[in-house]
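# Secondary and tertiary structure notes
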Amino acid sequence: MRFPLPLTLKIASTLLKQRWRAVSRFATVLQLEPLHACNLACTGCGRIREYASTIRDMMPLADCLAAAAECDAPMVSICGGEPLLYPEIEALVAGLRDQKRIVYLCTNALIMRRKMSDYLAVQWSEEPRRFEPILYQLILEKLISHKEAAVIRSGRIDKKRPVIKPSRWFYWNIHLDGLEATHDRIVEKSGVFKECVLAIRMAKILGYQVATNTTIYKQTKMVEIEELWSFLGTLGVDGHTITPGYDYAEAAEAMVRRKQGRPEDFFLTRADTIEKFRNAEEWGRRFPLLGTPVYLEFLAGKRELSCSAWAIPTRNVRGWKGPCYLITDAHYASYRELIEATDWDRLGRVNGVARDPRCEHCMVHCGHEPTATLGINAQRGDIWKNLRFNFGPRPRITAKR
Ligand code: SF4
Ligand code: SF4
(Lines give C-alpha, C1' and ligand atoms only; values in the text may rest on other atoms or scores of the structure.)
(Ligands and ions follow the chains in the order given, each with its own letter.)
Protein backbone atom coordinates (compact mmCIF):
# COMPACT_ATOMS: atom_id res chain seq x y z
CA MET A 1 0.00 0.00 0.00
CA ARG A 2 1.11 3.58 -0.66
CA PHE A 3 0.33 4.71 2.92
CA PRO A 4 -0.27 2.76 6.14
CA LEU A 5 -3.90 1.58 6.16
CA PRO A 6 -4.99 3.71 9.17
CA LEU A 7 -3.82 6.85 7.33
CA THR A 8 -5.77 5.96 4.20
CA LEU A 9 -8.86 5.21 6.30
CA LYS A 10 -8.47 8.46 8.25
CA ILE A 11 -8.41 10.54 5.06
CA ALA A 12 -11.25 8.55 3.46
CA SER A 13 -13.46 8.92 6.54
CA THR A 14 -12.87 12.70 6.64
CA LEU A 15 -13.85 13.06 3.00
CA LEU A 16 -16.97 10.94 3.49
CA LYS A 17 -17.92 12.92 6.61
CA GLN A 18 -17.71 16.24 4.74
CA ARG A 19 -19.66 14.84 1.78
CA TRP A 20 -22.34 13.52 4.10
CA ARG A 21 -22.62 16.95 5.71
CA ALA A 22 -22.82 18.48 2.22
CA VAL A 23 -19.90 20.80 2.96
CA SER A 24 -18.62 22.00 -0.39
CA ARG A 25 -15.30 23.53 0.71
CA PHE A 26 -13.22 22.00 3.48
CA ALA A 27 -9.59 21.44 4.40
CA THR A 28 -7.77 18.22 3.54
CA VAL A 29 -4.27 19.39 4.47
CA LEU A 30 -3.34 22.31 6.70
CA GLN A 31 -0.06 24.00 5.80
CA LEU A 32 0.99 25.25 9.20
CA GLU A 33 3.84 27.75 9.32
CA PRO A 34 4.57 28.33 13.02
CA LEU A 35 7.49 30.58 12.07
CA HIS A 36 9.27 31.87 8.97
CA ALA A 37 12.82 31.98 10.31
CA CYS A 38 15.17 29.57 8.60
CA ASN A 39 18.78 28.45 8.86
CA LEU A 40 19.08 28.50 5.06
CA ALA A 41 18.31 31.07 2.37
CA CYS A 42 17.44 29.00 -0.71
CA THR A 43 17.44 30.67 -4.11
CA GLY A 44 13.79 30.03 -4.97
CA CYS A 45 12.26 30.54 -1.51
CA GLY A 46 9.59 33.23 -1.46
CA ARG A 47 8.59 32.57 2.15
CA ILE A 48 11.61 33.98 3.98
CA ARG A 49 11.42 37.04 1.71
CA GLU A 50 7.66 37.67 1.79
CA TYR A 51 7.66 37.50 5.58
CA ALA A 52 11.00 39.27 6.16
CA SER A 53 9.38 41.92 8.37
CA THR A 54 7.94 39.25 10.73
CA ILE A 55 10.76 36.74 10.39
CA ARG A 56 11.34 36.69 14.17
CA ASP A 57 7.67 36.17 15.00
CA MET A 58 6.27 32.81 16.01
CA MET A 59 2.77 31.46 16.45
CA PRO A 60 1.98 30.50 20.04
CA LEU A 61 1.63 26.74 20.42
CA ALA A 62 -2.02 27.11 21.43
CA ASP A 63 -2.77 29.02 18.19
CA CYS A 64 -1.10 26.30 16.11
CA LEU A 65 -3.21 23.59 17.71
CA ALA A 66 -6.36 25.72 17.53
CA ALA A 67 -5.79 26.30 13.80
CA ALA A 68 -5.63 22.54 13.18
CA ALA A 69 -8.74 21.96 15.26
CA GLU A 70 -10.59 24.80 13.54
CA CYS A 71 -10.10 23.67 9.94
CA ASP A 72 -10.12 19.99 11.02
CA ALA A 73 -7.87 18.81 8.19
CA PRO A 74 -6.92 15.14 8.66
CA MET A 75 -3.35 15.95 7.68
CA VAL A 76 -1.09 18.78 8.83
CA SER A 77 2.07 19.73 7.01
CA ILE A 78 4.28 21.70 9.39
CA CYS A 79 6.43 23.96 7.27
CA GLY A 80 7.87 27.46 7.53
CA GLY A 81 10.68 28.63 7.66
CA GLU A 82 12.45 25.73 9.27
CA PRO A 83 10.00 24.14 11.73
CA LEU A 84 12.75 22.48 13.77
CA LEU A 85 13.78 25.99 14.89
CA TYR A 86 10.36 26.38 16.51
CA PRO A 87 11.06 26.04 20.25
CA GLU A 88 7.92 24.00 20.88
CA ILE A 89 8.09 21.76 17.83
CA GLU A 90 8.02 18.56 19.90
CA ALA A 91 4.93 19.72 21.80
CA LEU A 92 3.31 20.77 18.54
CA VAL A 93 3.84 17.34 16.93
CA ALA A 94 2.57 15.64 20.11
CA GLY A 95 -0.46 17.95 20.28
CA LEU A 96 -1.40 17.26 16.66
CA ARG A 97 -1.09 13.54 17.33
CA ASP A 98 -3.40 13.94 20.32
CA GLN A 99 -5.85 15.48 17.87
CA LYS A 100 -5.40 12.29 15.76
CA ARG A 101 -3.92 14.07 12.76
CA ILE A 102 -1.37 12.78 10.26
CA VAL A 103 1.72 14.98 10.51
CA TYR A 104 4.32 15.77 7.84
CA LEU A 105 7.21 17.80 9.22
CA CYS A 106 8.90 19.58 6.29
CA THR A 107 12.53 20.21 7.06
CA ASN A 108 15.85 21.01 5.44
CA ALA A 109 17.27 18.33 7.81
CA LEU A 110 20.09 20.47 9.19
CA ILE A 111 19.15 19.82 12.82
CA MET A 112 17.11 16.66 12.34
CA ARG A 113 19.81 14.35 13.75
CA ARG A 114 19.91 16.44 16.92
CA LYS A 115 16.15 16.06 17.36
CA MET A 116 16.34 12.30 16.78
CA SER A 117 19.18 12.08 19.34
CA ASP A 118 16.83 13.66 21.88
CA TYR A 119 14.33 10.88 21.18
CA LEU A 120 17.05 8.25 21.43
CA ALA A 121 18.25 9.66 24.77
CA VAL A 122 14.80 9.19 26.27
CA GLN A 123 14.47 5.68 24.85
CA TRP A 124 17.95 4.67 25.96
CA SER A 125 17.30 5.87 29.52
CA GLU A 126 14.17 3.70 29.65
CA GLU A 127 15.43 0.59 27.82
CA PRO A 128 19.23 0.71 27.64
CA ARG A 129 19.62 -2.97 26.69
CA ARG A 130 17.27 -2.62 23.76
CA PHE A 131 18.66 0.68 22.50
CA GLU A 132 22.39 0.14 23.07
CA PRO A 133 22.82 -1.94 19.84
CA ILE A 134 21.00 0.79 17.91
CA LEU A 135 23.24 3.42 19.45
CA TYR A 136 26.26 1.29 18.56
CA GLN A 137 25.11 1.03 14.92
CA LEU A 138 24.67 4.81 14.72
CA ILE A 139 28.22 5.29 16.01
CA LEU A 140 29.60 2.70 13.58
CA GLU A 141 27.91 4.43 10.65
CA LYS A 142 29.21 7.80 11.91
CA LEU A 143 25.66 9.11 12.28
CA ILE A 144 26.42 10.26 15.80
CA SER A 145 29.80 10.93 17.42
CA HIS A 146 31.22 9.18 20.49
CA LYS A 147 30.72 12.45 22.37
CA GLU A 148 27.03 12.57 21.41
CA ALA A 149 26.65 8.91 22.38
CA ALA A 150 28.16 9.68 25.78
CA VAL A 151 25.57 12.42 26.31
CA ILE A 152 22.79 9.98 25.35
CA ARG A 153 24.13 7.35 27.78
CA SER A 154 24.58 9.89 30.58
CA GLY A 155 20.84 10.00 31.23
CA ARG A 156 21.02 13.79 31.62
CA ILE A 157 17.65 14.43 30.01
CA ASP A 158 14.44 16.05 31.01
CA LYS A 159 11.99 13.19 30.57
CA LYS A 160 9.04 15.55 30.87
CA ARG A 161 9.99 17.32 27.64
CA PRO A 162 8.26 15.71 24.67
CA VAL A 163 10.36 14.28 21.84
CA ILE A 164 9.50 13.50 18.24
CA LYS A 165 8.85 9.76 18.16
CA PRO A 166 8.59 7.40 15.19
CA SER A 167 4.97 6.64 14.40
CA ARG A 168 2.92 5.55 11.42
CA TRP A 169 1.13 8.90 11.81
CA PHE A 170 4.32 10.90 11.42
CA TYR A 171 6.63 11.57 8.44
CA TRP A 172 9.81 13.55 8.20
CA ASN A 173 9.45 15.35 4.85
CA ILE A 174 12.89 16.37 3.67
CA HIS A 175 13.52 19.09 1.13
CA LEU A 176 15.79 17.75 -1.66
CA ASP A 177 15.90 19.51 -5.02
CA GLY A 178 18.49 17.30 -6.74
CA LEU A 179 21.68 15.37 -6.25
CA GLU A 180 24.54 16.84 -4.24
CA ALA A 181 25.86 19.58 -6.52
CA THR A 182 22.39 20.74 -7.59
CA HIS A 183 20.81 20.69 -4.16
CA ASP A 184 23.71 22.49 -2.48
CA ARG A 185 23.64 25.14 -5.22
CA ILE A 186 19.89 25.73 -4.82
CA VAL A 187 20.07 25.93 -1.02
CA GLU A 188 23.21 28.09 -1.39
CA LYS A 189 25.24 26.08 1.11
CA SER A 190 27.61 23.16 0.64
CA GLY A 191 27.25 20.03 2.74
CA VAL A 192 23.45 20.21 3.02
CA PHE A 193 22.81 17.25 0.72
CA LYS A 194 25.25 15.09 2.71
CA GLU A 195 23.50 16.09 5.94
CA CYS A 196 20.12 15.12 4.43
CA VAL A 197 21.48 11.67 3.55
CA LEU A 198 22.87 11.15 7.07
CA ALA A 199 19.59 12.27 8.61
CA ILE A 200 17.59 9.91 6.38
CA ARG A 201 19.86 6.99 7.24
CA MET A 202 19.55 7.71 10.97
CA ALA A 203 15.78 8.14 10.69
CA LYS A 204 15.35 4.77 8.97
CA ILE A 205 17.53 3.00 11.56
CA LEU A 206 15.34 4.48 14.30
CA GLY A 207 12.13 3.42 12.54
CA TYR A 208 10.79 6.76 11.30
CA GLN A 209 8.83 7.17 8.07
CA VAL A 210 10.59 9.49 5.66
CA ALA A 211 9.33 11.31 2.57
CA THR A 212 11.11 13.85 0.40
CA ASN A 213 9.77 16.89 -1.41
CA THR A 214 11.30 18.23 -4.59
CA THR A 215 10.60 21.43 -6.48
CA ILE A 216 11.34 21.39 -10.18
CA TYR A 217 12.93 24.49 -11.71
CA LYS A 218 13.78 25.38 -15.27
CA GLN A 219 17.34 24.10 -14.99
CA THR A 220 16.32 20.84 -13.31
CA LYS A 221 17.33 17.80 -15.34
CA MET A 222 14.58 15.25 -14.87
CA VAL A 223 16.99 12.38 -15.42
CA GLU A 224 18.81 13.65 -12.32
CA ILE A 225 15.58 13.55 -10.33
CA GLU A 226 15.09 9.93 -11.43
CA GLU A 227 18.62 9.20 -10.19
CA LEU A 228 17.83 10.99 -6.94
CA TRP A 229 14.71 8.85 -6.37
CA SER A 230 16.61 5.67 -7.22
CA PHE A 231 19.29 6.62 -4.71
CA LEU A 232 16.72 7.53 -2.05
CA GLY A 233 15.07 4.15 -2.64
CA THR A 234 18.31 2.47 -1.56
CA LEU A 235 18.06 4.45 1.71
CA GLY A 236 14.53 3.16 2.29
CA VAL A 237 12.71 6.48 1.77
CA ASP A 238 8.96 5.84 1.85
CA GLY A 239 7.66 8.34 -0.71
CA HIS A 240 8.28 11.50 -2.69
CA THR A 241 6.29 14.61 -3.47
CA ILE A 242 7.12 16.75 -6.46
CA THR A 243 5.87 20.14 -7.52
CA PRO A 244 6.71 22.64 -10.28
CA GLY A 245 8.52 25.80 -9.12
CA TYR A 246 6.25 28.76 -9.65
CA ASP A 247 7.42 32.37 -9.78
CA TYR A 248 5.12 33.91 -7.25
CA ALA A 249 5.88 37.56 -6.74
CA GLU A 250 8.25 37.44 -3.77
CA ALA A 251 10.35 34.59 -5.14
CA ALA A 252 10.68 36.35 -8.49
CA GLU A 253 11.57 39.71 -6.92
CA ALA A 254 14.20 38.06 -4.72
CA MET A 255 15.65 36.38 -7.78
CA VAL A 256 16.15 39.75 -9.48
CA ARG A 257 17.38 41.55 -6.38
CA ARG A 258 19.78 39.01 -4.90
CA LYS A 259 21.04 37.03 -7.84
CA GLN A 260 20.60 39.55 -10.65
CA GLY A 261 18.84 36.64 -12.33
CA ARG A 262 15.82 36.62 -14.58
CA PRO A 263 12.87 34.75 -13.02
CA GLU A 264 11.99 33.33 -16.43
CA ASP A 265 15.35 31.51 -16.45
CA PHE A 266 14.51 29.81 -13.16
CA PHE A 267 10.77 29.28 -12.76
CA LEU A 268 8.50 27.23 -15.01
CA THR A 269 5.77 28.40 -17.35
CA ARG A 270 2.86 26.02 -17.89
CA ALA A 271 4.45 24.80 -21.14
CA ASP A 272 7.75 24.21 -19.32
CA THR A 273 5.98 22.24 -16.61
CA ILE A 274 4.23 19.98 -19.11
CA GLU A 275 7.53 19.37 -20.89
CA LYS A 276 9.38 18.59 -17.64
CA PHE A 277 6.62 16.27 -16.40
CA ARG A 278 5.90 14.45 -19.66
CA ASN A 279 7.07 11.17 -18.05
CA ALA A 280 5.15 11.76 -14.83
CA GLU A 281 2.84 8.77 -15.25
CA GLU A 282 5.80 6.45 -15.82
CA TRP A 283 7.46 7.83 -12.66
CA GLY A 284 4.27 7.06 -10.77
CA ARG A 285 4.69 3.42 -11.77
CA ARG A 286 8.44 3.27 -11.06
CA PHE A 287 8.78 5.34 -7.89
CA PRO A 288 6.72 5.71 -4.70
CA LEU A 289 5.40 9.16 -5.60
CA LEU A 290 2.81 10.52 -3.21
CA GLY A 291 1.00 12.55 -5.89
CA THR A 292 -2.15 10.88 -7.20
CA PRO A 293 -2.20 9.49 -10.78
CA VAL A 294 -4.77 12.12 -11.78
CA TYR A 295 -2.51 14.96 -10.60
CA LEU A 296 0.43 13.38 -12.47
CA GLU A 297 -1.71 13.26 -15.65
CA PHE A 298 -2.42 16.97 -15.14
CA LEU A 299 1.28 17.77 -14.76
CA ALA A 300 1.98 15.80 -17.94
CA GLY A 301 -0.54 17.98 -19.81
CA LYS A 302 -3.00 15.11 -20.36
CA ARG A 303 -5.98 16.79 -18.69
CA GLU A 304 -7.13 20.02 -17.04
CA LEU A 305 -7.79 20.42 -13.33
CA SER A 306 -9.45 23.41 -11.74
CA CYS A 307 -8.02 24.93 -8.57
CA SER A 308 -9.12 23.82 -5.09
CA ALA A 309 -6.77 25.95 -3.01
CA TRP A 310 -9.41 26.09 -0.25
CA ALA A 311 -8.58 22.43 0.52
CA ILE A 312 -4.94 23.14 1.42
CA PRO A 313 -5.08 26.37 3.43
CA THR A 314 -2.04 28.06 4.95
CA ARG A 315 -2.01 29.39 8.50
CA ASN A 316 0.96 31.45 9.66
CA VAL A 317 2.00 34.21 12.06
CA ARG A 318 -0.26 36.74 10.34
CA GLY A 319 -3.36 34.58 10.05
CA TRP A 320 -5.02 32.46 7.36
CA LYS A 321 -3.26 33.36 4.13
CA GLY A 322 -5.60 34.02 1.23
CA PRO A 323 -6.32 33.03 -1.34
CA CYS A 324 -3.59 30.39 -1.45
CA TYR A 325 -0.09 29.28 -0.58
CA LEU A 326 1.34 31.32 -3.46
CA ILE A 327 -0.75 34.48 -3.66
CA THR A 328 -1.28 36.80 -0.71
CA ASP A 329 -4.20 39.21 -0.97
CA ALA A 330 -5.06 39.15 2.73
CA HIS A 331 -4.65 37.31 6.00
CA TYR A 332 -7.87 36.31 7.74
CA ALA A 333 -8.67 35.70 11.38
CA SER A 334 -10.28 32.30 10.78
CA TYR A 335 -10.52 29.52 8.19
CA ARG A 336 -14.22 30.22 7.85
CA GLU A 337 -13.47 33.86 7.05
CA LEU A 338 -10.92 32.80 4.43
CA ILE A 339 -13.50 30.53 2.80
CA GLU A 340 -16.31 33.09 2.90
CA ALA A 341 -14.31 36.20 1.93
CA THR A 342 -12.51 34.66 -1.05
CA ASP A 343 -14.13 34.67 -4.47
CA TRP A 344 -13.04 31.16 -5.44
CA ASP A 345 -14.82 31.38 -8.79
CA ARG A 346 -12.26 33.97 -9.90
CA LEU A 347 -9.24 31.72 -9.36
CA GLY A 348 -7.54 28.92 -11.24
CA ARG A 349 -8.03 27.96 -14.88
CA VAL A 350 -11.17 26.66 -16.51
CA ASN A 351 -11.27 25.35 -20.09
CA GLY A 352 -7.74 26.58 -20.64
CA VAL A 353 -8.47 30.16 -19.55
CA ALA A 354 -6.94 31.66 -16.38
CA ARG A 355 -9.63 33.38 -14.33
CA ASP A 356 -6.91 35.38 -12.55
CA PRO A 357 -3.76 36.24 -14.52
CA ARG A 358 -1.66 35.19 -11.52
CA CYS A 359 -2.95 31.63 -11.96
CA GLU A 360 -1.91 31.39 -15.62
CA HIS A 361 1.17 29.21 -15.10
CA CYS A 362 0.28 27.62 -11.78
CA MET A 363 0.13 23.82 -11.61
CA VAL A 364 1.32 23.45 -8.02
CA HIS A 365 0.09 20.56 -5.91
CA CYS A 366 -1.47 22.76 -3.20
CA GLY A 367 -3.97 24.10 -5.74
CA HIS A 368 -4.59 21.03 -7.86
CA GLU A 369 -3.87 17.84 -5.92
CA PRO A 370 -7.10 18.19 -3.89
CA THR A 371 -9.07 18.58 -7.14
CA ALA A 372 -7.72 15.17 -8.13
CA THR A 373 -8.17 13.58 -4.70
CA LEU A 374 -11.73 14.83 -4.29
CA GLY A 375 -12.76 13.84 -7.81
CA ILE A 376 -13.85 17.37 -8.66
CA ASN A 377 -13.04 17.13 -12.38
CA ALA A 378 -13.50 13.35 -12.42
CA GLN A 379 -13.33 11.36 -15.60
CA ARG A 380 -14.23 7.73 -16.26
CA GLY A 381 -11.70 5.40 -14.68
CA ASP A 382 -10.44 7.85 -12.05
CA ILE A 383 -11.96 5.92 -9.15
CA TRP A 384 -10.12 2.77 -10.22
CA LYS A 385 -6.86 4.73 -10.63
CA ASN A 386 -7.21 6.19 -7.13
CA LEU A 387 -8.05 2.81 -5.59
CA ARG A 388 -5.03 1.22 -7.27
CA PHE A 389 -2.87 4.15 -6.12
CA ASN A 390 -3.97 3.83 -2.49
CA PHE A 391 -4.35 0.08 -2.11
CA GLY A 392 -2.03 -1.35 -4.77
CA PRO A 393 1.57 -2.30 -4.04
CA ARG A 394 4.06 0.50 -3.57
CA PRO A 395 6.47 0.67 -6.53
CA ARG A 396 9.86 -0.85 -5.85
CA ILE A 397 12.88 0.99 -7.09
CA THR A 398 14.09 -0.27 -10.45
CA ALA A 399 17.00 0.84 -12.57
CA LYS A 400 16.14 2.83 -15.70
CA ARG A 401 15.59 0.48 -18.58
S1 SF4 B 1 14.89 25.54 3.71
FE2 SF4 B 1 12.78 25.93 3.07
S3 SF4 B 1 12.11 27.73 4.27
FE4 SF4 B 1 14.35 27.61 4.43
S5 SF4 B 1 15.05 29.00 2.83
FE6 SF4 B 1 15.01 26.92 1.98
S7 SF4 B 1 12.97 26.73 0.97
FE8 SF4 B 1 12.92 28.52 2.37
S1 SF4 C 1 -4.23 28.30 -9.45
FE2 SF4 C 1 -2.39 28.38 -8.16
S3 SF4 C 1 -1.97 30.57 -7.89
FE4 SF4 C 1 -4.11 30.39 -8.57
S5 SF4 C 1 -5.31 30.30 -6.69
FE6 SF4 C 1 -4.89 28.19 -7.30
S7 SF4 C 1 -3.04 27.64 -6.16
FE8 SF4 C 1 -3.19 29.88 -6.12
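Residues numbered from 1 in each chain as written. Chains lettered and ligands numbered in written order. Predicted model: local features only at pLDDT ≥ 70, side-chain atom pairs only at ≥ 80, totals over all residues.

### Points about the packing of helix α5 (residues 112-126) against helix α7 (residues 146-154)
- In the contact formed by α5 and α7, the axes pass within 8 Å of each other and the chain directions differ by 40 degrees. Here α5 lies oblique to α7, going by the angle between them. Helix-helix and strand crossings are classified by hand; for α5 and α7 the assignment is right-handed. The segment α5 lies against α7, with S117, L120, A121 and W124 engaging E148, I152 and R153. (Axes fitted to C-alpha atoms, helices over the stretch in contact; angles between N-to-C directions. Helix = DSSP H or I, 4+ residues; strand = E, 2+ residues; numbered from the N terminus. Parallel < 35°, antiparallel > 145°, perpendicular 65-115°, else oblique. Left-handed = near helix turned anticlockwise from the far one by under 90°. Contact = placed C-beta atoms within 7 Å.)

### Examining the environment of E264
- Looking at the secondary structure, you find E264 in the loop between α11 (249-259) and α12 (270-276).
- A count of 13 C-beta atoms within 10 Å places E264 in the partly exposed class.
- Spatially, the C-alpha atoms of E264 and N377 are 30 Å apart, while their sequence positions differ by 113 residues. (Buried ≥ 20, exposed ≤ 12 C-beta atoms within 10 Å, placed from the backbone.)

### Looking at the site of ligand 1
- Taken together, 13 residues lie around ligand 1, and C38, L40, C42, C45 and N108 are the ones closest in.
- Of the residues belonging to the shell around ligand 1, the class tally is seven nonpolar, four polar and two charged. (Near = placed C-beta within 6 Å. Nonpolar A, V, L, I, M, F, W, Y, C, P; charged D, E, K, R; others polar.)

### Topic: the site of ligand 2
- Every one of the 14 residues lining ligand 2 counts as a neighbour, but C307, C324, C359, C362 and G367 are closest to it.
- Partitioned by chemical class, the residues of the shell around ligand 2 number eleven nonpolar, two polar and one charged.

### A word on the sheet that holds strand β1 (residues 29-32)
- With mixed pairing, the nine strands of this open sheet are ordered in space as β6-β5-β4-β3-β2-β1-β7-β8-β9. Of all strands in the sheet, those with a lone pairing partner are β6 (239-244) and β9 (328-332), marking the two edges. Neighbour-to-neighbour, the strand axes of the sheet open up by a mean angle of 25 degrees, direction not taken into account.
- Pairing of β1 with strand β2 (residues 75-78), which is carried by four bridges, proceeds in the parallel orientation. (Pairing = 2+ DSSP bridges.)

### Things to note about the environment of T28
- For T28, the location among the structural elements is in the loop between α1 (5-20) and β1.
- In this structure T28 touches A73, P74, M75, A311, I312, P370 and T373, once residues within four positions along its chain are discounted.

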